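# Structural features, examined
Given next are the chains, with one letter for each unit.
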Amino acid sequence: MSFSYLYPTIDQMNAGHYIEINPKIMMGKPIIKGTRITVEQILENLAESNSIDDVLIAHPHLTKDQIHAALAFAAQSLRGDEIYPIAI
């Protein structure tokens, strides 16, 4: 079963528009631009059976597009065909 209809692919959504990696912010972890909310935090919230709506309630300044970008970024990262900088 494909879930592409639920979560846009990295190509369908420019995750770089929403995700930032900056060694000066959150030790270089990928974050939602303009926040200190990491992709990791979003994934952990969803893994704990929280819905996207639950995450939006907890972080009212986030949008569904930002959450989808975090999911797309994580999926792309796991594919292993792109290299992202890390903080040193």
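## Observations concerning the overall build of the chain
Secondary structure summary: the chain contains three helices and two strands in total. Looking at the chain as shown, the accessible area adds up to about 5900 Å², and 57% of this sits on carbon and sulfur atoms.

## Overview of unusual backbone geometry
The backbone of Met-27 sits at a positive phi, close to 55°, despite the residue not being glycine. Secondary-structure assignment places Met-27 in the loop between β1 (19-20) and β2 (31-32). By relative accessible area, which is 69% here, Met-27 ends up exposed. In this structure, Ser-49 takes a positive phi of about 70° despite not being glycine.

## Some points on the confidence of the model for the chain
Averaged over every residue, the pLDDT of the chain is 84; residues scoring 70 or more account for 76%. Within the chain, the lowest mean pLDDT, 91, falls on helix α3 (residues 64-79), and the highest, 97, falls on helix α1 (residues 39-47). Note on residues 1-5: pLDDT is under 50 here. Beyond four places in sequence and across chains, it has one contact.

## Observations concerning the nonpolar core
Among the nonpolar cores identified, the biggest contains 16 residues, and Ile-19, Ile-32, Val-39, Ile-42, Leu-62, Ile-67 and Ala-70 are the most heavily contacted of them. When residues of this core are traced back to their parent elements, those giving at least two are α1, α2 (52-58) and α3. For this core, the element with the highest residue contribution is α3, accounting for five residues. With residues near it in sequence (within four places) discarded, Ala-70 still touches Ile-19, Ile-32, Val-39 and Ile-42.

## Comments concerning the packing of α1 against α3
Relative orientation of the contacting elements α1 and α3 amounts to 100°, with a least axis distance of 9 Å. One element, α1, and the other, α3, form an angle in the roughly perpendicular class. Residues Val-39, Ile-42, Leu-43 and Leu-46 of α1 lie in contact with α3, whose contacting residues are Ile-67, Ala-70, Leu-71, Phe-73 and Ala-74. Among the residues forming the contact of α1 with α3, the class breakdown is nine nonpolar, no polar and no charged.

## Here we look at α3
Between the first and last C-alpha of α3 there are 23 Å, a value that for 16 residues agrees with the 22 Å anticipated at 1.5 Å per step. Here α3 has its buried residues at Gln-66, Ile-67, His-68, Ala-69, Ala-70, Leu-71, Ala-72, Phe-73, Ala-74 and Gln-76. Summarising the contacts, the buried residues of α3 are in contact with β1, β2, α1 and α2. Positive backbone phi, approximately 80°, marks Gly-80, located one or two places after α3.

Calculation notes
- Residues numbered from 1 in each chain as written.
- Predicted model: local features only at pLDDT ≥ 70, side-chain atom pairs only at ≥ 80, totals over all residues.
- Heavy atoms only, no water.
- Helix = DSSP H or I, 4+ residues; strand = E, 2+ residues; numbered from the N terminus.
- Areas by Shrake-Rupley, 256 points an atom, 1.4 Å probe, with all protein chains shown as cover.
- Buried < 20%, exposed > 50% of the residue type's maximum accessible area, 1.4 Å probe, protein only.
- pLDDT = per-residue confidence, 0-100.
- Contact = heavy atoms within 4.5 Å.
- Core = buried A, V, L, I, M, F, W, Y, C linked by side-chain atoms within 4.5 Å.
- Axes fitted to C-alpha atoms, helices over the stretch in contact; angles between N-to-C directions.
- Parallel < 35°, antiparallel > 145°, perpendicular 65-115°, else oblique.
- Nonpolar A, V, L, I, M, F, W, Y, C, P; charged D, E, K, R; others polar.
- Expected span 1.5 Å × (residues − 1).

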